[in-house]
Amino acid sequence: MAGPAHADAELAEAYRANALFDAHRDDSESGHRFLLDEARAAGVSMAERTAWRT
């Protein structure tokens, strides 16, 4: 069974993925840097590499 830290990491990853998905849905032609900026504007912080991988 996953511990609280593992669950927190999965929850943060889900929030990041959701923020990127929402930004991509709004403008599917933009690259990962735009998506990263949009996710950050929505209050979800992440590294550029995280946005690129997702």
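Our subject in this report is the structure included herewith.

Calculation criteria
Residues numbered from 1 in each chain as written. Predicted model: local features only at pLDDT ≥ 70, side-chain atom pairs only at ≥ 80, totals over all residues. Heavy atoms only, no water. Helix = DSSP H or I, 4+ residues; strand = E, 2+ residues; numbered from the N terminus. Buried < 20%, exposed > 50% of the residue type's maximum accessible area, 1.4 Å probe, protein only. Contact = heavy atoms within 4.5 Å. Areas by Shrake-Rupley, 256 points an atom, 1.4 Å probe, with all protein chains shown as cover. Arc of directions from axis to C-beta.

**Topic: the overall build of the protein chain**
Helix and strand content of the protein chain: 3 helices and 0 strands. In the protein chain, which comprises 54 residues, the share counted as buried stands at 20%. Nonlocal contacts in the protein chain, meaning residues at least 24 apart in sequence, comprise 32% of its contacts between residues at least 6 apart. When the accessible surface of the protein chain is totalled, it reaches about 4,200 Å², and 51% of it is carbon and sulfur.

**Regarding helix H2 (residues 32-41)**
Listed as buried for H2 are Leu-35, Leu-36 and Ala-39. Taken around the axis of H2, the buried residues stretch over an arc of 105 degrees, which confines them to a single face. Set apart from the buried face of H2 by more than 90 degrees, the exposed residues are Arg-33 and Ala-41. Gly-43 sits one or two positions beyond H2 and adopts a positive phi of about 95 degrees.

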